[in-house]
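Chain and residue survey
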Amino acid sequence: MRSKATVPHFTCSSLHRLFQRHDISCLPDIEAAKPRKKFKAYPIGYFHVDIAKVWTEEGKLYMFVAIDRVSKFAFAELHERATRRTRARKANSLSQMQARDMGQSVVG
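Every value quoted in this text rests on a predicted model; they were computed, and no experiment measured them.

1. Regarding the overall build of the protein chain
When helices and strands are tallied, the protein chain shows three helices and three strands. Every one of the 108 residues in the protein chain was classed for burial, and the buried ones make up 14%. Look at the contacts in the protein chain between residues 6 or more apart in sequence, and 23% of them connect residues 24 or more apart. Summed over its atoms, the accessible surface of the protein chain is roughly 9,700 Å², and 56% of this surface lies on carbon and sulfur atoms.

2. Notes on the side chain of Thr86
With respect to the helices and strands, Thr86 occurs in helix H3 (residues 84-102). Looking at Thr86, its side chain comes within polar contact range of the side chain of Thr83, at 2.9 Å. Not counting chain neighbours up to four residues away, the residues in contact with Thr86 comprise Phe64, His79 and Arg81.

3. Comments concerning the sheet that holds strand S2 (residues 59-68)
The three strands are arranged S1-S2-S3 in an open sheet whose pairing can be described as antiparallel. Lying at the two open borders of the sheet, with one neighbouring strand each, are strand S1 (47-56) and strand S3 (74-79). Strand after strand, the sheet turns through a mean of 20° between neighbouring axes, direction not considered. Alignment of S2 against S3, held across six bridges, turns out to be antiparallel. Bridge pairing links Phe64 to Glu77 in S3.

4. Considerations on the packing of aromatic side chains
This structure, assessed with the given rule, holds one aromatic pair. Note on Phe47 and Phe73: the rings are 6.4 Å apart at their centroids and 75° apart in plane angle, and the pair reads as edge-to-face. Residue Phe47 is located in strand S1, and its partner Phe73 is located in the loop between S2 and S3; the two are separated by 26 residues in the primary sequence. Exposure remark for Phe47: the relative accessible area of 17% places this residue in the buried category.

5. Observations concerning unusual backbone geometry
For residues that are not glycine, phi is negative in most cases, and the peptide bond is trans in most cases. Phi is positive for Asp23, which is not a glycine, with a value near 60°. For Asp23, the location among the structural elements is in the loop between helix H2 (12-21) and S1.

6. Examining the pairing of S2
Alignment of S1 against S2, held across ten bridges, turns out to be antiparallel. Within S2, the residue paired with Val54 across the bridge is Leu61. Here S2 folds back onto S3, and the loop between the two strands holds five residues, one of which, Lys72, carries a positive phi near 65°.

7. Quick notes on the side chain of Asp68
Summarising the element assignment, Asp68 is placed in strand S2. For the buried Asp68, no salt bridge is present, and the opposite-charge side chain at shortest range is Lys72, 7.5 Å distant. At a separation of 3.0 Å, a polar atom in the side chain of Asp68 contacts the main-chain amide nitrogen of Val70. What Asp68 contacts, discounting residues up to four positions off in sequence, is Ile44, Gly45, Tyr46, Phe47 and Phe73.

The rules we used
Residues numbered from 1 in each chain as written. Predicted model: local features only at pLDDT ≥ 70, side-chain atom pairs only at ≥ 80, totals over all residues. Heavy atoms only, no water. Helix = DSSP H or I, 4+ residues; strand = E, 2+ residues; numbered from the N terminus. Buried < 20%, exposed > 50% of the residue type's maximum accessible area, 1.4 Å probe, protein only. Contact = heavy atoms within 4.5 Å. Areas by Shrake-Rupley, 256 points an atom, 1.4 Å probe, with all protein chains shown as cover. Polar contact = N/O pair within 3.5 Å; in protein donor to acceptor, adjacent residues only side chain to side chain. Pairing = 2+ DSSP bridges. Axes fitted to C-alpha atoms, helices over the stretch in contact; angles between N-to-C directions. Phe/Tyr/Trp six-rings, centres within 6.5 Å; stacked < 30°, edge-to-face > 60°. Lys, Arg positive; Asp, Glu negative; His and termini not counted. Salt bridge = Lys/Arg side-chain N within 4 Å of Asp/Glu carboxyl O.

Rendered as structure tokens:
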């Protein structure tokens, strides 16, 4: 304890009693943690899509990751470019894949 070098007659218990006397022996109350919000309920087939840059030996690629929030189905692909056309093809292939897995037909 650092205070022993300067004030040797203070022990841990005497400091504790001193702090209690001045009502500073406890840590201040911390606000209760706010409850976390739950995810909105989504129908099966609602994909959350993220795009990340990935560096490889060949150079920069873009990784498209899609996760169905209900079934937890995940899919990832690497592409050389992250354009609107690539994103549209990705969305279309996801809906086709989901329809095939669920035994439904996709129109459009």
